[in-house]
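In case you want the letters, here they are:
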2 protein chains.
Amino acid sequence: MPELKTGGAQGYLRIATEEAFAPPELMQAYRKLLATGSDDPGFQSLWGFYLGSKSPRAVAIIERLQDMGARRLADMDERGIDRQIVAVTAPGVQIFDRDTAVAMTTLSNDQLAEHCRKHPTRYTGMVAVAPQDPAHAAKEIERGAKLGFKAIIINSHTHGEYLDDPKFWPIFEAADAYHLPVYIHPNTPPKAMITPMLESGLDGAIFGFGVETGMHAMRLIVMGVFDRFPHLKIILGHMGEALPFWSYRLDFMHSATVRSQRYDFMKPLKKKPSEYLRDNFYITNSGVAWEPAIKFTQATIGVDNVLYAMDYPYQETPEEVVALDAMAMDLATKRKFFQTNAEIVFNL
Amino acid sequence: MPELKTGGAQGYLRIATEEAFAPPELMQAYRKLLATGSDDPGFQSLWGFYLGSKSPRAVAIIERLQDMGARRLADMDERGIDRQIVAVTAPGVQIFDRDTAVAMTTLSNDQLAEHCRKHPTRYTGMVAVAPQDPAHAAKEIERGAKLGFKAIIINSHTHGEYLDDPKFWPIFEAADAYHLPVYIHPNTPPKAMITPMLESGLDGAIFGFGVETGMHAMRLIVMGVFDRFPHLKIILGHMGEALPFWSYRLDFMHSATVRSQRYDFMKPLKKKPSEYLRDNFYITNSGVAWEPAIKFTQATIGVDNVLYAMDYPYQETPEEVVALDAMAMDLATKRKFFQTNAEIVFNL
């Protein structure tokens, strides 16, 4: 395997855009919630595994999540990652009651801001918010912008609720005001949809994450969020949670459904779903180090809309970086993918 | 728009492989179930719409579903469709209690066999079964094979249960014995997962269908059905319900999950999920008349595994046939797609 280095000798810097960290206090709070019994079966499944398993995978992830110092920087060096765009790991603060979530938001954002200040050439942060308190979330976005955060992280649903509900729109108003994109990261599906996935081991990153987050994005589209906030930018990982691949069917069936007035609440939109995907979404390849899917998405959504991500520490194999370096793709496009699209999206 | 004709002058016959019909008695039984109140919210949403709406779309679909005579044949002629592979529309008999399902299975299969006998050059049938009674389902497959049916239709879940449950495996044993592929057609998601889709109008073909059916196929894979039945062939519509696009992530996360023993019941498999997709699945483009997704699937799953479907009468626009005729694809591959793959899969 070729040696991977930072510094851009290959013609581009590598900026990884969906990278996770966890304050130790968050891991402690998760342990406490697991012990007392959360009423979210997805959380119990996901964090019951990561915090309870002795498997090398789980142990390494828990260690790496909490390390924003020497170990992470060495991992980045070894994998040739120049910069990480870092966010609190899913479900972040969104699993807690409102007061705990608000307190944990401040703590997490303060820690992340400090890590970014210490290593300004290596880390850029996304600000966490507590949708449980939309007014506080809006203020935290303002504070986050001043602290130098370059995006907002939302770990999908909050207690089974989605951002298409207008009560959450102060979050989008603040995103608009501070020109910050919103990264909608997967969460496990909520109680109201997880059962058939849970009983077959499909509730996590293998399948349920994509269902949950793709649905969240589609809810924003069909409920008219982008007609209300035309400048809003949403970032989706995991190759757009397959929405680019679905886009013909989304357009056909959305049009047929609206025309036949199947749902009172589903109103005509200004554009087709696929047009919102092109105009309001950026897509990262987190978890999908696979040239065919990357090229498909570049071709259908746009070469300016597709960004590199590693998904550290959940998926951190150097072989994937080598495979992506080796994609049969002209250098200008590869540079957009690895570097310059991220510089634009995150205003670096 | 160019005129569409049957007969193969373009270099291939057009065989449409996921086409729906409904016995009038089935529509009556659905009306009765809606009136008395089914406990399946997806059924209420889907068939409450089709049987209750005065929209041109709903009215035309209900009429066309029940017509296996002049109107359907004229529609096929106008759209240049040489042959339809026909199955009872979703959820077929699977919404009923066991006794009703068994009775309706016989009725539906008898009617479809008769239509195929009357028009042997235009129609080929799939045999419906009632998974509610696996032993009867196995016998109905035997009867179906003798009646000339060339595949088995399963409209995804049956009262929230999936075919990975070994109690359903007599169906796969019979499929194996009579060399019949199993078409897993979408159903609306079951009660245990539909709520967040229902409240946003995403429960039907626009999104929920794909989630439900992609999950069903993944359950078969991860629960080891293809290690037990290595010759079993499953057909998925709608471009494989996006599983081809997900295949890198499915492989990565399946391997990571099994290695770390996250679920007691998730055992190592003989192959990667993507290898089962290539070895045990055929994929039709029903609902997705879109060259990029078709070519992606041909490239990743195989040109011998991708078949044409129209999804009549739910999606029957001649413009889509014209667009597919015009794909930039060599004639030999296009002939596989439109004709010869179907001849092999359905043993025509």
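These figures come from a predicted structure and were not determined experimentally.

About the thresholds
- Residues numbered from 1 in each chain as written.
- Chains lettered and ligands numbered in written order.
- Predicted model: local features only at pLDDT ≥ 70, side-chain atom pairs only at ≥ 80, totals over all residues.
- Helix = DSSP H or I, 4+ residues; strand = E, 2+ residues; numbered from the N terminus.
- Rg over C-alpha atoms; globule rule 2.2 N^0.38 Å.
- Contact = placed C-beta atoms within 7 Å.
- Buried ≥ 20, exposed ≤ 12 C-beta atoms within 10 Å, placed from the backbone.
- Pairing = 2+ DSSP bridges.
- Right-handed = clockwise from strand over helix to strand, strands pointing away.
- Axes fitted to C-alpha atoms, helices over the stretch in contact; angles between N-to-C directions.
- Parallel < 35°, antiparallel > 145°, perpendicular 65-115°, else oblique.
- Nonpolar A, V, L, I, M, F, W, Y, C, P; charged D, E, K, R; others polar.
- Least-squares fit on C-alpha atoms with pLDDT ≥ 70 in both.
- pLDDT = per-residue confidence, 0-100.
- Core = buried A, V, L, I, M, F, W, Y, C linked by C-beta atoms within 7 Å.
- Arc of directions from axis to C-beta.

A short note on the overall build of chain A
Then, number 1: Looking only at helices and strands, chain A has 16 helices and eight strands in total.
Then, number 2: At 19 Å, chain A has a C-alpha radius of gyration in line with the 20 Å of a compact globule built from 348 residues.
Then, number 3: Seen along its three principal axes, the alpha-carbon backbone of chain A occupies a region of about 55 × 50 × 45 Å.
Then, number 4: Residue pairs at least 24 apart in sequence account for 79% of intrachain contacts in chain A once pairs closer than 6 positions are excluded.

Some words on the pairing of strand E4 (residues 151-154) of chain A
Residue and element names in this part refer to chain A.
Then, number 1: Going residue by residue along E4, you find Ala151 and Ile153 tucked away on one face and Ile152 and Ile154 tucked away on the opposite face as well.
Then, number 2: Bridge count between strand E3 (residues 123-128) and E4: three bridges; the pairing is parallel. Within the sheet, the bridge partner assigned to Met126 lies in E4 and is Ala151.
Then, number 3: Crossover connection from E3 via helix H6 (residues 134-147) to parallel E4: handedness right-handed.
Then, number 4: Bridge analysis of E4 against strand E5 (residues 182-184) gives three bridges, and the strand direction is parallel. The partner of Ile153 across the bridge, within E5, is Tyr183.

Structural notes on the packing of helix H12 (residues 243-259) of chain B against helix H13 (residues 273-280) of chain B
All names here are of chain B.
Then, number 1: Here H12 crosses H13 at 140 degrees, and the two axes come no closer than 7 Å. In terms of orientation, H12 and H13 fall into the oblique class. Two secondary-structure elements touch here, H12 through Leu243, Pro244, Ser247, Leu250, Asp251 and His254 and H13 through Pro273, Ser274 and Leu277.
Then, number 2: For the contact of H12 with H13, the class distribution of residues is five nonpolar, three polar and one charged.

Some points on the environment of Ala22 of chain A
Then, number 1: The topology assignment puts Ala22 of chain A in the loop between strand E1 (15-21) and helix H1 (24-36).
Then, number 2: Along the primary structure Ala22 of chain A and Gln66 of chain A are separated by 44 residues, whereas in three dimensions their C-alpha atoms are 5.0 Å apart.

Examining the interface of chain B and chain A
When the parts come together, some accessible area is lost, and that loss is often what is quoted as the size of the interface.
Then, number 1: On the chain A side, the residues contacting the 55 residues of chain B number 53 residues.
Then, number 2: At 11 residues, the largest contribution of residues to the side of chain B that touches chain A is made by H12 of chain B.
Then, number 3: By residue class, the composition of the side of chain B that touches chain A is 34 nonpolar, 15 polar and six charged.

What to know about unusual backbone geometry
All names here are of chain A.
Then, number 1: Note that the residue after Tyr312, namely Pro313, is joined by a cis bond; omega there is 0 degrees.
Then, number 2: A positive phi is found at His238, a non-glycine position, where the angle reads about 50 degrees.
Then, number 3: Its place among the elements puts His238 in helix H11 (residues 238-241).
Then, number 4: In this structure His238 comes out as buried when scored by C-beta crowding, with 26 C-beta atoms within 10 Å.
Then, number 5: At Asp311, a residue that is not glycine, the phi angle is positive and equals roughly 75 degrees.
Then, number 6: Judged by C-beta crowding, with 24 C-beta atoms within 10 Å, Asp311 ranks as buried.

Quick look at the relation of the copies chain B and chain A
Then, number 1: Screw-axis analysis of chain B against chain A gives a translation of 0.0 Å along the axis, an RMSD of 0.0 Å, and a rotation angle of 180 degrees. Overall, the copies show the geometry of a two-fold rotation axis. Among all residues of chain B, the minimum C-alpha distance to the rotation axis is found for Met193 of chain B, at 1.6 Å.
Then, number 2: By residue overlap, the copies meet face to face through one surface: 96% of the interface positions of chain B are interface positions in chain A.

Some thoughts on the confidence of the model for chain A
Then, number 1: Mean pLDDT over chain A stands at 98; residues scoring 70 or higher make up 100%.
Then, number 2: This complex was scored by the predictor with a pTM of 0.98 and an ipTM of 0.97.

Things to note about the sheet that holds E1 of chain A
Residue and element names in this part refer to chain A.
Then, number 1: Taken together, eight strands build an open sheet; the order of strands is E1-E2-E3-E4-E5-E6-E7-E8 and the sheet is parallel. Across the chains shown, the open sheet's two edge strands, defined by having one partner strand only, are E1 and strand E8 (306-307).
Then, number 2: In the sheet, E1 pairs with strand E2 (residues 83-88) via five bridges, with the strands oriented parallel. When the sheet's bridge partners are listed, Ile15 is paired in E2 with Arg83.

With respect to the nonpolar core
Then, number 1: One finds Met126, Ala151, Ile152 and Ile153 of chain A together with Met126, Ala151 and Ile152 of chain B to be the most contacted residues of the largest nonpolar core, which totals 221 residues.
Then, number 2: If sequence neighbours within four positions are ignored, Ala151 of chain B has contacts with Ile85, Met126, Leu180, Pro181, Tyr183, Ile235 and Phe346 of chain B.

Examining the environment of Trp169 of chain B
All names here are of chain B.
Then, number 1: In this structure, Trp169 sits in helix H7 (residues 169-177).
Then, number 2: Since 18 C-beta atoms lie within 10 Å of it, Trp169 is described here as partly exposed.
Then, number 3: Trp169 sits 87 residues away from Ala256 along the chain, and the two C-alpha atoms are 28 Å apart.

Concerning the environment of Pro166 of chain A
Residue and element names in this part refer to chain A.
Then, number 1: With respect to the helices and strands, the residue Pro166 is situated in the loop between E4 and helix H7 (169-177).
Then, number 2: On the neighbour-count criterion, Pro166 (13 C-beta atoms within 10 Å) is partly exposed.
Then, number 3: Along the primary structure Pro166 and Val225 are separated by 59 residues, whereas in three dimensions their C-alpha atoms are 8.8 Å apart.

A few points about the sheet that holds strand E2 (residues 83-88) of chain B
Through backbone hydrogen bonds, the strands of a sheet pair up, either in parallel or in antiparallel fashion.
All names here are of chain B.
Then, number 1: Taken in spatial order, the eight strands make up an open sheet running E1-E2-E3-E4-E5-E6-E7-E8, and their pairing is parallel. Here the strands that pair on one side only, and so sit at the sheet edges, are strand E1 (15-21) and strand E8 (306-307).
Then, number 2: Here three bridges tie strand E5 (residues 182-184) to strand E6 (residues 234-236), and the two strands are oriented parallel to one another. In the sheet register, Ile184 faces E6, and the bridge partner there is Leu236.
Then, number 3: Lying over the sheet, helix H5 (residues 98-118) contacts E1, E2 and strand E3 (123-128), oriented at roughly 170 degrees with respect to E3.

What to know about helix H15 (residues 318-325) of chain A
All names here are of chain A.
Then, number 1: The set of residues buried in H15 consists of Glu320, Val321 and Leu324. Projected down its long axis, H15 carries its buried residues within an arc of 100 degrees, all on one side.
Then, number 2: For H15, the elements touching its buried residues are helix H4 (70-79).

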